[in-house]
Amino acid sequence: MAQPLFKKVAFIGLGLIGSSLARVIQSEQLATCVVASTRSAKTLADAQALGLIQQGYSNPVEAVQDADLVVLALPVRATHAVLAQIQPYLHPDAVLTDVGSTKGNVVEAAKAVFGEALPAGFVPGHPIAGSEHTGVHAGKVDLFANHKVILTPVETSAAWAVDKLIQLWSAAKAEVICMDVQKHDEVLAHTSHLPHLMAFNLVEQLANREDNLDIFRYAAGGFRDFSRIAASDPQMWHDIFFANKTAILNAVEGFEQQLSKIKVLIETEDSHALMGLLGHAQAARQHFNHMLAKKPLMEKNKVTQQFTISPGPKSFTGTFTIPGDKSVSHRSIMFGAIAEGTTHVTGFLEGEDALATLQAFRDMGVSIEGPKNGEVTIHGVGMQGLKAPAGALYMGNSGTSMRLLSGMLSAQKFDSVMTGDASLSKRPMERIAKPLRAMGAHIQTTGEKGTPPVSITGNQALQGIAYDLPMASAQVKSGILLAGLWAQGETSVTEPEPTRDHTERMLRAFGYDVKTEGNKISLQGGGKLVGTNIQVPSDISSAAFFMVGAAICENSDVVLEAVGINPTRTGVIEILKQMGADIAVLNERIAGGEPIADIHIKGSRTLKGIHIPEDQVPLAIDEFPALFIAAACAEGQTVLTGAAELRVKESDRIQVMADGLKIMGIDCTPTADGIIIEGKGKSGDWSAIFNGGQVESHHDHRIAMSFSIAGLRTGGPIEIIGTETVATSFPTFTELANRAGLSITVSQ
Ligand code: S3P
């Protein structure tokens with residue numbers, strides 16, 4: 001049998017935490033022998049009876065002899081006295097740790113006993129786990145499972161000692177984090193000590209009122225939730241407040257300042273600012289779990305959700321309202337924020353990408369109400385009103401947010417950093433950084449290959465430029481034009497081919513003069529935007545999945561209402577028409593400065609393969625993954641060229657689609673700037689085209705939705721791995737697709 005991790009473990013103190021760790025050591029057989037010392041003979045006898053220790057002592061000196069792990073599991077205030085007592089008897093190679101909730105004072109106590117040369121085995125620790133029960137009987141073997149344990153190695157701590165403790169706590173199924181002592185105490189002061197202090201203090205404030213009985217009697221859930229932690233052990237909190245005095249007093253000071261802020265807002269009835277503060281806090285609270293859940297996705301490329309689409313007889317019918325346009329939603333927040341006055345938005349896309357933009361502007365001090373049922377009210381702060389965010393701006397999966405904001409942030413009086421998830425962290429940012437630098441911006445792409453994070457030192461003296469865009473990119477065009485709003489003189493961008501023009505249209509709607517002459521778009525810096533009302537049309541890029549679904553499925557009949565048909569976005573309709581789809585654009589009208597229409601599409605004839613005209617590529621740039629599914633179901637070959645940009649989207653959409661199509665039995669050849677797909681369709685034959693199989697989305701929402709639509713013509717089940725990003729652009733996708741006739745099961 002392998003050697004256990006320790007020969008002899010000595011616990012000094014055996015309450016909830018100590019006895020739980022003893023249970024782990026026994027059940028995992030991590031030590032040959034476990035002993036403990038406590039002042040209570042009964043605790044020792046009980047612990048022995050429970051099989052937690054082999055031997056108990058009243059004197060810690062006896063317990064630590066020959067121990068190779070000593071765990072101080074007693075109240076922190078006793079640390080100094082115990083260390084002084086056991087110091088002469090500690091084995092020189094013993095690992096010495098503790099479980100206290102403050103760390104600076106433990107290190108101080110150790111220094112007072114050992115001097116500056118602390119033992120190499122000394123590594124303070126703090127398991128962040130607990131329960132309202134105390135004592136040796138309350139301990140549980142799984143107390144630490146899925147909880148965090150913070151180790152705070154000091155300069156003298158040896159790597160072998162840290163390593164052994166990591167192994168120990170990992171065996172308890174805890175997540176081990178190493179942190180600097182001071183950082184630990186600061187973090188805990190804010191996240192644990194301050195909330196406890198506030199809870200005790202609020203209950204005290206109310207208890208001191210004469211009418212306290214009424215107050216407690218009628219107190220509702222809010223009071224109960226907020227004050228729950230005031231029922232904790234006063235002695236323990238008394239000790240912690242003293243032990244972590246400096247960090248706690250700093251946190252209290254921060255709290256007092258924040259309290260004064262909200263007091264003034266109420267006193268002066270500053271409605272916008274108060275809504276801003278409350279909205280910002282609410283969003284932060286709502287995104288709290290979400291943000292934490294995002295971390296692993298960002299750091300480890302973890303996949304968290306999958307779709308399974310079952311084969312079977314299908315129909316695809318219904319009338320649907322597709323969620324709001326992503327590009328327009330982003331811009332409505334950005335422009336509303338820097339406008340003077342209020343902007344009211346309807347039809348806003350409540351997907352993660354647009355919400356990342358919304359959150360970024362809240363982080364820069366803009367007061368935003370909503371979104372609620374697609375309605376957002378933005379209280380613009382004007383061209384000079386944005387404030388420095390407290391930390392990095394997290395852009396999630398959204399390239400649009402990062403590239404457009406690169407332009408805006410370059411011109412601010414403050415510095416900023418933008419980060420993103422696994423997919424965004426791989427996307428090229430030099431394409432926007434380069435022209436911005438030519439305008440005088442101080443912008444760095446700090447990732448490995450010109451990729452995020454993007455770090456910006458604000459510069460209020462940008463110069464306008466005339467830039468020839470090397471690629472057809474609306475994001476780069478928009479980022480430059482937005483920087484141009486603050487720049488000296490004229491800024492112009494000439495595109496190789498027309499790309500979506502939402503920036504130009506919406507700037508005009510906000511009263512800003514933007515000129516378009518052929519492929520050249522220009523504006524003069526130094527103007528201002530005036531708040532307005534924006535009606536966001538349904539997103540044609542999301543509608544595309546339903547168009548393709550209906551086009552490949554026999555007898556389907558789908559109406560998509562009020563879809564944006566901006567001519568820079570309608571490539572998908574044109575391409576599907578050329579492939580022979582039965583598609584009609586009805587009731588064309590203008591809403592909020594953008595053309596919209598109802599789109600009626602029927603599955604009445606087999607599509608045919610085509611060579612996609614290159615001039616349609618920028619006009620359908622986001623719809624190709626869906627169009628590849630249409631091509632696979634078409635009769636004959638479809639050839640796409642001039643679409644190298646697809647390789648730098650949320651994933652390499654040429655490669656990722658080709659890989660998935662091949663898995664599902666489609667013969668296709670990816671090329672440098674496109675793909676050749678051998679369609680398996682036969683005129684009048686509506687049988688299965690795809691074999692089914694397991695495909696990867698590579699954190700790309702549109703890949704996930706495209707392979708879902710393939711489920712309408714599959715012989716075997718399709719599993720799509722990593723579908724969580726669907727929520728970035730089309731949060732109701734599975735609900736609407738299933739209502740139309742698909743059978744998608746979502747599993748976490
Ligand atoms: C967008 C522009 C396009 C598009 C993206 C949204 C925009 O990107 O793919 O989904 O809102 O400006 P590129 O500008 O990189 O082509």
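Right above here is the structure, for reference.
This structure is a prediction, so every number in the text was calculated from the model and none was measured.

**Q** So what exactly am I meant to see when it comes to helix H19 (residues 540–552) here?
**A** Working note: α-helix, 3.6 residues per turn, so residues spaced by three or four point in the same direction. For H19, built from 13 residues, the straight-helix expectation of 18 Å at 1.5 Å per residue is met to within 8% by its first-to-last C-alpha distance of 18 Å. H19 sits mainly inside the fold: 13 of its 13 residues count as buried. Two or three places before Ser-541, at the start of H19, stands the capping residue Asp-539, its side-chain oxygen 2.9 Å from that residue's backbone nitrogen.

**Q** Is there a simple way to explain the site of the ligand in this structure?
**A** Around the ligand sit 13 residues, and of these Ser-327, Arg-331, Gln-475, Asp-622 and Lys-649 come closest. Between the ligand and Ser-473 there is a distance of 2.8 Å, counted from an oxygen atom to a side-chain nitrogen or oxygen. Interatomic distance of 2.5 Å between a side-chain N/O atom of Asp-622 and an oxygen atom of the ligand. Burial of the ligand by the protein amounts to 97% of the accessible area it has alone, namely 390 Å². Of all the secondary structure elements, the ones that give two or more residues to the shell around the ligand are helix H13 (326–338), helix H15 (399–410) and helix H17 (474–484). Here the element with the most residues in the shell around the ligand is H13; it accounts for 3 residues. The residue makeup of the shell around the ligand, split by class, is 3 nonpolar, 4 polar and 6 charged.

**Q** Looking at this model, I keep getting lost on the environment of Ser-708. Mind explaining?
**A** Summarising the element assignment, Ser-708 is placed in helix H23 (residues 701–709). Ser-708 sits in the buried class, given a relative accessible area of 0%. Counting along the chain gives 556 residues from Ser-708 to Thr-152, while the straight-line C-alpha distance between them is 47 Å. Setting aside chain neighbours within four positions, we find Ser-708 in contact with Phe-307, Ile-309, Ile-720, Phe-733, Leu-742 and Ile-744.

**Q** What exactly am I supposed to notice about the sheet that holds strand S14 (residues 393–394) here?
**A** Across a sheet, paired strands are connected by hydrogen bonds in the backbone, their directions being either parallel or antiparallel. In space, the 4 strands of this open sheet follow the order S14-S15-S17-S16, with mixed pairing throughout. Of all strands in the sheet, those with a lone pairing partner are S14 and strand S16 (442–445), marking the two edges.

Definitions and cut-offs
- Counting from 1, residues in each chain are numbered in the order their sequence is written.
- Residues qualify for local features only when their pLDDT is at least 70, as the model is predicted, and side-chain atom pairs are given and counted only at 80 or more; totals for whole chains, interfaces and linings, by contrast, use all residues.
- Side-chain metrics in this entry use all non-hydrogen atoms of the structure; hydrogen atoms and water are not considered.
- Helix and strand assignments come from DSSP, with helices taken as H or I runs of at least 4 residues and strands as E runs of at least 2, each series counted from the N terminus.
- The span you would expect from a helix comes to 1.5 Å times its residue count less one.
- Remark: exposure states derive from per-residue accessible area (1.4 Å probe, protein chains only) relative to the maximum for the residue type, with buried under 20%, exposed over 50%, and partly exposed in between.
- Contacts described as polar in this section are N or O atom pairs within 3.5 Å, which, within protein, must combine one atom able to donate a hydrogen with one able to accept it, while residues neighboring in sequence count only if both atoms come from side chains.
- One heavy atom within 4 Å of a molecule or strand makes the whole residue count as near it.
- The accessible surface values rely on the Shrake-Rupley method and a 1.4 Å probe; as for residues, cover is taken only from the protein chains in view.
- By the convention adopted, Pro, Cys, Tyr, Trp, Phe, Met, Ile, Leu, Val and Ala count as nonpolar, Lys, Arg, Asp and Glu as charged, and the other residues, Gly among them, as polar.
- Two residues form a contact once any of their heavy atoms are found within 4.5 Å.
- Here, strands pair whenever DSSP counts at least two bridges between them.

Scope: geometric values only; no functional claims are made or implied.
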